Amino acid sequence: MNTSSIVIYNLHFIEFKPIIDSLNIPEINIVYIVDHSNRVASLEKEINDVAGNYPNLEIVYIKHINNGYGGGHNIAIKRAISAGSKFHLVVNPDVWFPKETISGLIQYMNDNPDVGQAMPRILFPDGSIQRVAKLLPTPVDMFGRMCLPDFIIRKRNNRFELKNLDYSKVQDVPYLSGCFMFFKLEFLEEIGLFDERFFMYAEDIDVTRRMHSSHRTVLLPNYIAYHKFNRESRRSLKLFIIHIINIILYFNKWGWFFDPERNRINKQIING
């Protein structure tokens, strides 16, 4: 059995139907939809109305107080573990992918039992590469990207985003985007689920880093997924502040300028 979870905030079913259609494949048995919405309208009714269109996919609706991106997925992951799931996909509602993506990731992870987390090549809707496989960030990387003009931070940003990464082969990467995180649940249980101190924007760095410390975290570029990548924190002051707060929490946890593990891992990745 394999499972997936999607955390929803103020969306109607039609807005995330593409990802449900993508998950309607033999390799996925259950998708958990964790609804953090504050709308009066019932997403649960919308899901019940379309459930008959997905007879081979169990769609489990979970209404929950908004406890953040990682916290919402933790609710679903705990259910997936109890259900006996082997692999679990944490995925954004604005992602979709061809049917062979999941089967390809499963095959690779079965063939390479030391892999704890995998991600396909992520593309913008126009087919261009989305650079969401990165080094572990330094404070300059994170706050420079958010606050400095591109011409000042461009060289450093290219390094952080691994612009010269060879997409013709499998790559071990210490930071894989939260838009698509395919976990081996046995290993996720071992390292611990999402750290719920991070409301959003840093939970993916933290969990991939913890996984990378004891198991492989890989980019599999032969398989693809598409992501709209809305960058909402660039358009909302509230989300921008939340982003800043959570990045501060991340560096408080792992270290600001003194982080030997980060230095070692990033050097290893850069040097191949």
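Coordinates for the structure precede this section.
Notes on the structure follow. (Residues numbered from 1 in each chain as written. Predicted model: local features only at pLDDT ≥ 70, side-chain atom pairs only at ≥ 80, totals over all residues. Heavy atoms only, no water.)

**Observations concerning the environment of Phe258**
Relative to the elements of secondary structure, Phe258 occurs in the loop between α9 (237-254) and α10 (260-270). On a C-alpha basis, the gap between Phe258 and Thr138 in space is 9.7 Å, while along the polypeptide they are 120 residues apart. (Helix = DSSP H or I, 4+ residues; strand = E, 2+ residues; numbered from the N terminus.)

**Examining the pairing of strand β4 (residues 87-91)**
For β4, the tally of buried residues reaches five of five residues, placing the bulk of the element in the interior. Of the two faces of β4, the one carrying Phe87, Leu89 and Val91 and the one carrying His88 and Val90 are both buried. Where strand β1 (residues 2-8) meets β4, four bridges bridge the pair, whose relative direction is parallel. Bridge pairing in β4 places Ser5 opposite Val90. Looking at chain direction, β4 and strand β10 (residues 180-184) are connected through five bridges and run antiparallel. Bridging from a neighbouring strand, Val90 pairs with Met181 of β10. (Buried < 20%, exposed > 50% of the residue type's maximum accessible area, 1.4 Å probe, protein only. Pairing = 2+ DSSP bridges.)

**A few points about helix α6 (residues 150-160)**
Taken together, the buried positions of α6 are Ile153, Asn157 and Phe160. All buried residues of α6 project into a common sector of 50 degrees when viewed along the axis, lining one side. Exposed side chains of α6 directed beyond 90 degrees from the buried face belong to Phe151 and Lys155. In this structure, the buried side of α6 is in contact with β7 (133-134), α5 (139-147) and β9 (175-176). Phi turns positive, to about 50 degrees, at Leu162, one or two residues after α6. (Arc of directions from axis to C-beta. Contact = heavy atoms within 4.5 Å.)

**Quick look at the pattern of salt bridges**
Counted by the stated rule, this structure contains 15 salt bridges. Lys17 is the salt-bridge partner of Asp21, the closest N and O atoms lying 2.8 Å from each other. Linking Asp21 with Lys17, this pair stays in helix α1 (residues 13-23), spanning four residues, or about one helical turn. Overall, Asp21 belongs to the partly exposed group, its relative accessible area being 32%. In this structure, the salt-bridge partner of Asp114 is Arg216, at a minimum N-O distance of 3.7 Å. (Salt bridge = Lys/Arg side-chain N within 4 Å of Asp/Glu carboxyl O.)

**Digging into unusual backbone geometry**
Even without being a glycine, Asn10 presents a positive backbone phi close to 55 degrees. Asn10 sits in the buried class, given a relative accessible area of 19%. Backbone geometry at Leu162 places phi at a positive 50 degrees, although glycine is not the residue there. Structurally, Leu162 can be placed in the loop between α6 and β8 (171-172).

**So, the side chain of Asp259**
Counting through the fold element by element, Asp259 comes out in the loop between α9 and α10. Polar contacts involving the side chain of Asp259 include one to the main-chain amide nitrogen of Arg262, which spans 3.1 Å. Once you skip the residues sitting within four places of it in the chain, Asp259 turns out to touch Arg209 and Trp254. (Polar contact = N/O pair within 3.5 Å; in protein donor to acceptor, adjacent residues only side chain to side chain.)

**So, the packing of aromatic side chains**
Two aromatic rings are characterised by how far apart their centres lie and by the angle between their planes. Within this structure, the stated rule accounts for eleven aromatic pairs. Geometrically, the ring pair formed by Trp96 and Tyr226 is stacked, given 5.8 Å between the ring centres and 15 degrees between the ring planes. You can see Trp96 sitting in strand β5 (residues 95-96) and its partner Tyr226 sitting in strand β11 (residues 216-227), a full 130 residues away along the chain. A residue is classified by how much of its surface remains accessible, and Tyr226, at 21% relative accessible area, is partly exposed. Relative to Phe251, the ring of Phe143 has its centre 6.4 Å away and its plane inclined at 40 degrees; by these criteria the two rings are tilted. Highlighted residues: Phe143 in helix α5 and Phe251 in helix α9, separated in sequence by 108 residues. (Phe/Tyr/Trp six-rings, centres within 6.5 Å; stacked < 30°, edge-to-face > 60°.)

**Observations regarding the pairing of β11**
Judged from the two bridges that link them, β5 and β11 form a sheet pairing that is antiparallel. The residue bridging Val95 from the neighbouring strand is His227, located in β11. As paired elements, strand β6 (residues 115-123) and β11 share eight bridges and run parallel to each other. Within the sheet, the bridge partner assigned to Ala118 lies in β11 and is Val218. Judged from the two bridges that link them, β8 and β11 form a sheet pairing that is antiparallel. From the neighbouring strand, Asp172 faces β11, where its bridge partner is Val218.

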